[in-house]
Amino acid sequence: MTDYRTLRVALLGAGAVGSQVADLLLKHGDELADRAGATLELAGIAVRDVDAKRDADLPRELFTTDAETLIVGSDIVIELMGGIEPARTQVLHAIASGADVVTANKALLATHGSEVFEAADQVGAEVYYEAAAAGAIPIIRPLRDSLAGDRVVRIMGIVNGTTNYILDRMDTEGADFADVLAQAQALGYAEADPTADVEGYDAAQKAAILASLAFHTTVPLDAVHREGITSVDAAMIESARHAGYVIKLLAVCERLAATEEGATEAISVRVYPALVERTHPLASVHGANNAVFVQAEAAGDLMFYGAGAGGVQTASAVLGDVVSAARRHIAGGVGVGESTRANLPAVPIGHVITRYQITLEVDDQPGVLATVAGILSEGRVSIATVEQTVIEADENSRSGGSARLVIGTHKAREQDLSETVERLAASGVVERVVSVLRVEGN
Ligand code: NDP
Ligand code: HSE
């Protein structure tokens, strides 16, 4: 056996991901040493409750509640506690102590990334975070390294496993939202507070991280438009199916040409449930899997697919980072660093241009369709398709009752679309705006 230098590794957190990281580090220590060029000694595991049951069989003596002391003298600190505090304080403490940091904490990076990266820059430390976006899928390195010589134009993908698991089970089995969410939690996919998943916060954090890397720009979380999936119900899923679509929670990060404010280039970063054609590759992303499409000027279209959540799957990405950190520790020199020099402005959601599907309940009277078409036309929203279904016929009248109108639009500006929907709602012929969904995918 080669006599490697020993690097001291501190693990903070032994939940769904941390327990698997510890298990693999202990099980595959020799192999990892050969790949890293260093023996990775798991010095300890900081948790809240040292007696809690773990998903892996780990030596009791490794556990401590004293993260601060464990960090001191460590070469690599793996932060898998999640949340902002005490994760932020411990990550900064690790950097100040001379350690490289590996983290899967997108909430921390999306909100305090600049602080963390600046602290690391100041002392020549490195922060690795492959697991912070799209679980096991290698997407951070491709954006940061492989595509560093290209210009990324667009990223579109499913980046949250929990919501994809929920929407997929609702679509394929007619499952109930609350039941499937509970299963996603039991399977270790969901965040400690699953509101982060279902309200789109987790996907927005990942979108901010991906857009920052892709566009060499610091993208603050409040520049990301966010909508979750809590308003998606069985009727919307059925209506999408009828029209040949599936509903997916998408993250879209786009480079835009000249803006209305006069910038020569800008970006749009947004997360929302959208309709995707059933023939589109994203429609066949099932369960907790994720898929990310990257469109770059020279490379063209690239697709990354795989497990977006899950303890052992995510542990793979974390350990890849640990090996990278160990190699850098042994070889020395600067690490990958962050590049934010482009500093492109982010446009508000109102400036985004995409297609829409508007579902309305209207009076089933002569002239209603013409009124609706007139309002859309006045609002600069062009109709691509219309389907009318009678939902409540009035037997005593020649027309009468209510009808459902499903209108597919050509590309329209979001602000024009939302103002038009407001005018439709107030028009007197529309009984109810059932849903307005963006159509994405081409
Ligand atoms: P869990 O909630 O399962 O585990 C969190 C762990 O951190 C627990 O062991 C907990 O200790 C420990 N911990 C929490 N707060 C403290 C504290 N104040 N002091 C010491 N220890 C603490 O989280 P996950 O493993 O699911 O996620 C970890 C990170 O990985 C998060 O940032 C998450 O967003 C990210 N991630 C998760 C994925 C997944 O599929 N689960 C996928 C990709 C990223 P104790 O057990 O004693 O309570
Ligand atoms: N809760 C997250 C998800 C974990 O469901 O995608 C992976 O980041």
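Rules and cut-offs
Residue positions within a chain follow its written sequence, with the count starting from 1. To label them, take the chains in the order written and letter them from A, then take the ligands in the order written and number them from 1. With pLDDT at 70 or above as the cut-off, local features in this predicted model cover only qualifying residues; side-chain atom pairs require 80 or more to be listed or tallied, and sums for whole chains, interfaces and linings still use all residues. Working from all heavy atoms in the structure, the side-chain values ignore hydrogens and water. Being near a molecule or strand, for a residue, means having at least one of its heavy atoms within 4 Å of it. Polar contact is defined as a pair of N or O atoms within 3.5 Å, subject to the rule that within protein one atom must be able to donate a hydrogen and the other to accept it, and that residues adjacent in sequence are counted only when both atoms are side-chain atoms. A 1.4 Å probe and the Shrake-Rupley method give the accessible areas. Residues count as covered only by the protein chains that appear here. Starting at the N terminus, helices and strands are each numbered in turn, a helix being any DSSP run of H or I of at least four residues and a strand any DSSP run of E of at least two. Amino acid classes used here: Ala, Val, Leu, Ile, Met, Phe, Trp, Tyr, Cys and Pro are nonpolar; Asp, Glu, Lys and Arg are charged; the rest, including Gly, are polar. The axes are straight lines fitted to the C-alpha atoms, using for helices just the contacting stretch, and the angles between their N-to-C directions are given from 0 to 180°. An angle below 35 degrees is read as roughly parallel, one above 145 as roughly antiparallel, one from 65 to 115 as roughly perpendicular, and any other as oblique. Working rule for handedness: look at the near helix, and if it is turned counterclockwise from the far one by less than a right angle, call the crossing left-handed; if clockwise, right-handed. Residue contacts are defined here by distance: any two heavy atoms, one from each residue, within 4.5 Å place the two residues in contact. Note that domain bounds follow an automatic or database assignment of domains. The classification of residues rests on relative accessible area computed with a 1.4 Å probe and restricted to protein chains. Under 20% of the type maximum is buried, over 50% is exposed, and intermediate values are partly exposed. Should DSSP find at least two bridges between two strands, the strands are taken to pair. UniProt positions are given in the numbering used here, feature names are shortened, and annotations may be inferred rather than shown by experiment. Salt bridges are identified by distance alone: a Lys or Arg side-chain nitrogen within 4 Å of an Asp or Glu carboxyl oxygen.

Enquirer: What exactly am I supposed to notice about the site of ligand 2 here?
Expert: Neighbouring ligand 2 are Lys-106, Asn-160, Gly-161, Thr-162, Tyr-189, Ala-190, Glu-191, Asp-197, Asp-202, Lys-206, Gly-308 and Ala-309. At 3.4 Å, a side-chain N or O of Asn-160 approaches an oxygen atom of ligand 2. A distance of 2.7 Å separates an oxygen atom of ligand 2 from a polar atom in the backbone of Gly-161. Notes on ligand 2: free accessible area 250 Å², of which the protein chains cover 94%. Secondary structure elements with two or more residues in the shell around ligand 2: helix 7 (161-173) and helix 10 (201-215). Among the residues making up the shell around ligand 2, the classes are represented as three nonpolar, four polar and five charged.

Enquirer: I keep staring at the packing of helix 5 (residues 106-123) against helix 10 and nothing clicks. Help me out?
Expert: Two numbers describe a pair of packed helices, the interaxial angle and the distance between the axes. Between helix 5 and helix 10, the least distance of the axes is 9 Å, while the angle of their chain directions is 55°. With respect to each other, helix 5 and helix 10 are oriented oblique. Crossing handedness for the pair helix 5 and helix 10: left-handed. Contact with helix 5, carried on its side by Lys-106, Ala-107, Leu-109 and Ala-110, involves Asp-202, Gln-205, Lys-206, Ala-208 and Ile-209 of helix 10 and no other residues of that element. Residues that form the contact of helix 5 with helix 10 fall into these classes: five nonpolar, one polar and three charged.

Enquirer: Is there a simple way to think about the packing of helix 7 against helix 8 (residues 177-186) in this case?
Expert: At a minimum axis separation of 9 Å, helix 7 and helix 8 run at an interaxial angle of 140°. By the angle class used here, helix 7 and helix 8 are oblique. Regarding helix 7 and helix 8, the two cross each other, and that crossing is right-handed. Contacts between helix 7 and helix 8 involve Thr-162, Tyr-165, Ile-166, Arg-169 and Met-170 on the former and, on the latter, Phe-177, Val-180, Leu-181, Gln-183 and Ala-184. Here the contact of helix 7 with helix 8 is built from residues that sort into seven nonpolar, two polar and one charged.

Enquirer: In this structure, what is going on with the domain arrangement of the protein? I would like to understand it.
Expert: How big an interface is tends to be stated in terms of accessible area lost as the parts join. Per the domain assignment, the segments of the protein are domain 1 (6-136 + 312-331), domain 2 (140-308) and domain 3 (352-440). Computed from C-alpha atoms alone, the centre-to-centre distance between domain 1 and domain 3 is 52 Å.

Enquirer: Quick question: what am I supposed to make of the site of ligand 1 here?
Expert: Not every one of the 23 residues close to ligand 1 is listed here, only the nearest: Ala-14, Asp-49, Arg-54, Glu-191 and Gly-310. One of the backbone N or O atoms of Gly-188 is found 2.9 Å from a nitrogen atom in ligand 1. At 2.7 Å from an oxygen atom of ligand 1 is found a side-chain nitrogen or oxygen belonging to Glu-191. Of the residues assigned to the shell around ligand 1, the class counts are 11 nonpolar, seven polar and five charged.

Enquirer: Quick question: what am I supposed to make of the pairing of strand 10 (residues 266-277) here?
Expert: Both faces of the sheet carry side chains from a regular strand, because those side chains alternate between them. Counting buried residues in strand 10 gives 11 out of 12 residues, a clear majority hidden from the surface. In this structure, strand 8 (residues 225-226) lies alongside strand 10, joined through two bridges in parallel fashion. Counted as the bridge partner of His-225 is Arg-270 from strand 10. Judged from the three bridges that link them, strand 10 and strand 17 (residues 430-440) form a sheet pairing that is parallel. Following the sheet pairing, Ala-274 is matched in strand 17 by Arg-438.

Enquirer: When you look at unusual backbone geometry in this model, what are you seeing that I'm missing?
Expert: Excluding glycine, residues mostly have negative phi values, and the peptide bonds linking residues are mostly trans. Pro-86 follows Glu-85 through a cis peptide bond whose omega is 10°. Mapping Pro-86 onto the fold places it in the loop between strand 4 (76-79) and helix 4 (87-96). Not every positive phi belongs to a glycine, and Arg-380 is a case in point at roughly 60°. Within the secondary structure layout, Arg-380 lies in the loop between helix 13 (368-378) and strand 14 (383-392). Residue Arg-380 is classed as exposed on the basis of its relative accessible area of 60%.

Enquirer: Help me understand the UniProt feature "binding site: NADPH" (unreviewed entry) in the protein, please; the structure alone is not making it clear to me.
Expert: Here, UniProt's "binding site: NADPH" (unreviewed entry) annotation points to Lys-106. Among the secondary structure elements, Lys-106 is positioned in helix 5. With relative accessibility at 12%, the residue Lys-106 sits in the buried group. Apart from the residues lying within four places of it in its own chain, the contact partners of Lys-106 are Ala-132, Glu-191, Asp-202, Gln-205, Lys-206 and Ile-209. Polar side-chain contacts of Lys-106 include one of 3.1 Å to the side chain of Glu-191.

Enquirer: In this structure, what is going on with the pattern of salt bridges? I would like to understand it.
Expert: Pairs may arise between side chains of opposite charge once their charged atoms sit close together. The tally for this structure, following the rule as stated, stands at 28 salt bridges. Residue Glu-440 is joined to Arg-154 by a salt bridge in which the shortest nitrogen-to-oxygen separation is 3.1 Å. With Glu-440 in strand 17 and Arg-154 in strand 7 (residues 152-158), this pair connects stretches of sequence that are 286 residues apart. On the basis of relative accessible area, Glu-440 is assigned to the buried category, the value being 5%. A relative accessible area of 15% means that Arg-154 is categorised as buried. Residues joined in a network through salt bridges with shared partners are Lys-106, Glu-191, Asp-202 and Lys-206.

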